[in-house]
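Spelled out from the first residue to the last, the chains are:
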Amino acid sequence: MATFRQKKLATAIVDNVHAVRPLNKQELVVSSGYGEITADRHAGEVIESKGVKNEIKRLGFDEDSAKKVVAEILQFGEDDS
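Residues numbered from 1 in each chain as written. Predicted model: local features only at pLDDT ≥ 70, side-chain atom pairs only at ≥ 80, totals over all residues. Heavy atoms only, no water.

A. Representation of the nonpolar core. One finds Leu9, Ile13, Val29 and Val52 to be the most contacted residues of the largest nonpolar core, which totals 13 residues. Counting residues per element, the ones that place at least two in this core are helix H1 (4–16), helix H2 (25–31), helix H3 (36–47) and helix H4 (50–58). Not counting chain neighbours up to four residues away, the residues in contact with Val29 comprise Leu9, Tyr34, Ala39, Ala43, Val46 and Ile47. (Core = buried A, V, L, I, M, F, W, Y, C linked by side-chain atoms within 4.5 Å. Buried < 20%, exposed > 50% of the residue type's maximum accessible area, 1.4 Å probe, protein only. Helix = DSSP H or I, 4+ residues; strand = E, 2+ residues; numbered from the N terminus. Contact = heavy atoms within 4.5 Å.)

B. Region of the structure containing the pattern of salt bridges. What the rule picks out here adds up to three salt bridges. Salt-bridge contacts for Glu27 lead to Arg21; the nearest nitrogen and oxygen are separated by 3.2 Å. With relative accessibility at 31%, the residue Glu27 sits in the partly exposed group. When the shortest N-O distance is used, the salt bridge between Glu55 and Arg58 registers 2.7 Å. Pair noted here: Glu55 and Arg58 are both in helix H4, with a separation of three residues, about one helical turn. (Salt bridge = Lys/Arg side-chain N within 4 Å of Asp/Glu carboxyl O.)

C. The side chain of Gln6, seen in detail. Its location among the elements puts Gln6 in helix H1. Gln6 sits in the buried class, given a relative accessible area of 13%. One polar contact links the side chain of Gln6 to the main-chain amide nitrogen of Thr3, over a distance of 2.8 Å. (Polar contact = N/O pair within 3.5 Å; in protein donor to acceptor, adjacent residues only side chain to side chain.)

Right, dumping it as C-alpha coordinates:
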(Lines give C-alpha, C1' and ligand atoms only; values in the text may rest on other atoms or scores of the structure.)
Protein backbone atom coordinates (compact mmCIF):
# COMPACT_ATOMS: atom_id res chain seq x y z
CA MET A 1 0.00 0.00 0.00
CA ALA A 2 1.30 3.43 -0.91
CA THR A 3 2.11 5.98 1.75
CA PHE A 4 0.61 9.48 1.71
CA ARG A 5 3.78 10.92 0.14
CA GLN A 6 3.92 8.14 -2.46
CA LYS A 7 0.30 8.85 -3.44
CA LYS A 8 1.03 12.57 -3.62
CA LEU A 9 4.11 11.90 -5.76
CA ALA A 10 2.21 9.60 -8.11
CA THR A 11 -0.45 12.28 -8.62
CA ALA A 12 2.27 14.88 -9.21
CA ILE A 13 3.93 12.65 -11.81
CA VAL A 14 0.67 12.18 -13.70
CA ASP A 15 -0.13 15.91 -13.50
CA ASN A 16 3.42 16.77 -14.59
CA VAL A 17 2.80 15.20 -17.98
CA HIS A 18 0.48 18.10 -18.89
CA ALA A 19 2.45 20.87 -17.17
CA VAL A 20 3.53 23.91 -19.12
CA ARG A 21 6.91 23.64 -17.41
CA PRO A 22 7.35 20.03 -16.33
CA LEU A 23 9.29 19.44 -13.13
CA ASN A 24 12.39 17.26 -13.01
CA LYS A 25 12.66 14.21 -10.73
CA GLN A 26 14.10 16.12 -7.79
CA GLU A 27 11.49 18.87 -8.02
CA LEU A 28 8.68 16.29 -8.15
CA VAL A 29 10.00 14.47 -5.09
CA VAL A 30 10.40 17.70 -3.07
CA SER A 31 6.96 18.95 -4.14
CA SER A 32 5.48 15.76 -2.71
CA GLY A 33 6.87 16.30 0.76
CA TYR A 34 10.22 14.53 0.63
CA GLY A 35 13.32 16.34 1.86
CA GLU A 36 15.95 18.02 -0.31
CA ILE A 37 18.60 15.46 0.62
CA THR A 38 16.34 12.56 -0.30
CA ALA A 39 15.49 14.28 -3.58
CA ASP A 40 19.13 15.00 -4.41
CA ARG A 41 20.42 11.53 -3.59
CA HIS A 42 17.50 9.16 -4.13
CA ALA A 43 14.86 10.76 -6.40
CA GLY A 44 15.00 7.93 -8.91
CA GLU A 45 14.67 5.28 -6.21
CA VAL A 46 11.68 7.05 -4.66
CA ILE A 47 9.94 7.39 -8.03
CA GLU A 48 10.66 3.74 -8.88
CA SER A 49 9.39 2.48 -5.51
CA LYS A 50 6.66 -0.13 -5.52
CA GLY A 51 4.20 2.18 -3.74
CA VAL A 52 4.59 4.97 -6.31
CA LYS A 53 4.40 2.55 -9.24
CA ASN A 54 1.25 0.91 -7.87
CA GLU A 55 -0.39 4.28 -7.28
CA ILE A 56 0.47 5.49 -10.79
CA LYS A 57 -1.09 2.32 -12.17
CA ARG A 58 -4.16 2.81 -9.97
CA LEU A 59 -4.51 6.30 -11.44
CA GLY A 60 -4.69 4.71 -14.90
CA PHE A 61 -1.26 5.79 -16.01
CA ASP A 62 0.55 2.57 -16.80
CA GLU A 63 2.56 1.24 -19.71
CA ASP A 64 -0.44 -0.30 -21.47
CA SER A 65 -2.42 2.95 -21.24
CA ALA A 66 0.53 4.94 -22.54
CA LYS A 67 0.97 2.58 -25.50
CA LYS A 68 -2.73 2.89 -26.33
CA VAL A 69 -2.58 6.70 -26.30
CA VAL A 70 0.53 6.72 -28.50
CA ALA A 71 -1.08 4.30 -30.95
CA GLU A 72 -4.22 6.46 -31.15
CA ILE A 73 -2.16 9.59 -31.76
CA LEU A 74 -0.20 7.87 -34.51
CA GLN A 75 -3.36 6.52 -36.11
CA PHE A 76 -5.77 9.44 -35.73
CA GLY A 77 -3.67 12.44 -34.77
CA GLU A 78 -3.72 14.36 -31.52
CA ASP A 79 -6.95 15.85 -30.18
CA ASP A 80 -7.88 17.75 -27.01
CA SER A 81 -8.88 14.62 -25.09
